[in-house]
Amino acid sequence: MSNEELLFAASTLWVVFAAVLVMFMQAGFAFLEAGLTRMKNVGHVAAKNVLIFALASIVYYLVGFGMAFGDGGNGFVGGSGFAPSTDDLIQIGKAPFSWFAEIPAAAGYLFEVVFAGVALAIVWGAMAERTRLWVYFAFGIVFTLIYSLVSHWIWSPDGWLFARGMQDFAGSTVVHYQGALAGLAGALLLGPRLGRFGADGRPNSIPGHNMAFTTLGVIILWFGWFGFNAGSTLSVQFGGLGFFAYVALNTNLAAAAGVIGAVVTSWAVVKKPDLSMMLNGAIAALVAITAACAFVAPWAALVIGFGAGAIVVLGSQLVERARIDDPVSALAAHGMAGVWGTLSLGFLTVPSLAERLGTGRGGLLYTGSAAQLGTQALGLLAVGVFTFGASFVA
């Protein structure tokens, strides 16, 4: 076996392992959502997580993977690789999925489809306890297609935002911001749960039934996020041999800072530390660092994580004041934190890391130029208008 073949084998093993870690995040979402909702709905929440992943797996194989990464498309959608054949999937770096240059397309599919499943889990978290079964089927199909289009824009070499140098290494925008936008559209259409807001508009607490479940869910998600972010190298040598370890380090630092940021902010605003906000601080920080994990210095990962922890506390209160019922704080933890993580790159991207990864340029702090910040803002605006609009109409 040649050195090149050994690298292909190592990269394939790494990406498949990372995909399994990300799939395990569905268990984390199930525990998180079950703990934050009422006992009578636990079975519904658990079944939803299995159903949406099964649905995403089939739709993404038939249509989504080709829309996102198929060769021969344009800046907005891929043009081949729909319902790929055996030969299509076992090749490395060849049409119709030539973007996957160091792993078989089958490994690429496995890694990308679990991301689609995570995005769907975020959508339903914001709509928890008031969604009928048929909605999961109908909107699950529609959102998988929406997700696939946007992932093409940002992650495919043919995508129009990729060409502009938008930086979103593992999906603060593609996965989390999109999921929160679709969840917001659904929450607005469905309205709040009965009794969530009084006749005078004041919020009434509907506490979750098991914070131990929620804590376990967050720990599982934190664990799975190492596959989510570090696995997005899609190779053992992208960015340099073993660069994925640096990505994992930044991921962990940000999550830790997010816990502290949420506790400090909760103490300052609510006058006491709150367990649910502390846990969501970790999630929000992981969301924010998802875009930035490969582009920033460790000190910046701490800043991004701490800021996300503060944002989730303040953002959750803002959502509640707007009379939007979000049982798991998905809009703040995934939406607002996703925006913060994406925009932070406009300030904090290290120029040498942008060059190493071949994406965009250095941030304002290093270069004095707001060019990357403008690109990040353009991407957020385009994705926001498209995803929210398409989700609301659907």
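Residues numbered from 1 in each chain as written. Predicted model: local features only at pLDDT ≥ 70, side-chain atom pairs only at ≥ 80, totals over all residues. Heavy atoms only, no water.

Participant: Now, about the overall build of the chain: what can you tell me, with residues and values included?
Facilitator: Check the secondary structure of the chain and you find 15 helices and zero strands. Relative to the compact-globule value of 21 Å for 394 residues, the chain shows a C-alpha radius of gyration of 20 Å, a close match. Projected onto the principal axes, the alpha-carbon positions of the chain cover approximately 65 × 45 × 35 Å. A burial count over the chain gives 57% of its 394 residues as buried. (Helix = DSSP H or I, 4+ residues; strand = E, 2+ residues; numbered from the N terminus. Rg over C-alpha atoms; globule rule 2.2 N^0.38 Å. Buried < 20%, exposed > 50% of the residue type's maximum accessible area, 1.4 Å probe, protein only.)

Participant: Any details on helix α15 (residues 371-393)? Residues and values, ideally.
Facilitator: The first and last C-alpha atoms of α15 sit 33 Å apart over 23 residues, in line with the 33 Å expected at 1.5 Å per residue. Residues Gln 372, Leu 373, Thr 375, Gln 376, Gly 379, Leu 380, Ala 382, Val 383, Gly 384, Thr 387 and Ser 391 constitute the buried set of α15. Contacts made by the buried residues of α15 are with α5 (133-155), α6 (160-163), α7 (172-190) and α12 (330-348). (Expected span 1.5 Å × (residues − 1). Contact = heavy atoms within 4.5 Å.)

Participant: Go over the pattern of salt bridges, please, and point to the residues and values.
Facilitator: For the coordinates displayed, the defined rule picks out seven salt bridges. For Arg 193, the salt bridge is made with Asp 325, and the minimal N-O distance between the two is 2.8 Å. Of this pair, Arg 193 sits in the loop between α7 and α8 (211-230) while Asp 325 sits in the loop between α11 (298-321) and α12, and the two are 132 residues apart along the sequence. Since its relative accessible area comes to 6%, Arg 193 is described here as buried. By relative accessible area, Asp 325 is classed as buried at 2%. Note that Asp 200 and Arg 202 form a salt bridge whose closest N and O atoms lie 3.6 Å from each other. (Salt bridge = Lys/Arg side-chain N within 4 Å of Asp/Glu carboxyl O.)

Participant: Describe the environment of Val 142, naming the residues involved and giving the relevant values.
Facilitator: You can see Val 142 is positioned in helix α5. Taking the relative accessible area as the measure of exposure, Val 142 reaches 30% and is therefore partly exposed.

Participant: So what's going on with the packing of helix α10 (residues 275-292) against α11? Residues and values would help.
Facilitator: Viewed as axis vectors pointing N to C, α10 and α11 meet at an angle of 130°, and their least axial separation amounts to 7 Å. The orientation of α10 with respect to α11, classified from their angle, is oblique. Crossing handedness for the pair α10 and α11: right-handed. Note on element contacts: α11 touches α10 through Ala 301, Ile 304, Gly 305, Ala 308, Gly 309, Val 312, Val 313 and Ser 316, opposite Met 277, Asn 280, Gly 281, Ala 284, Ala 285, Ala 288, Ile 289 and Ala 292. Its residues placed into classes, the contact of α10 with α11 shows 11 nonpolar, five polar and no charged. (Axes fitted to C-alpha atoms, helices over the stretch in contact; angles between N-to-C directions. Parallel < 35°, antiparallel > 145°, perpendicular 65-115°, else oblique. Left-handed = near helix turned anticlockwise from the far one by under 90°. Nonpolar A, V, L, I, M, F, W, Y, C, P; charged D, E, K, R; others polar.)

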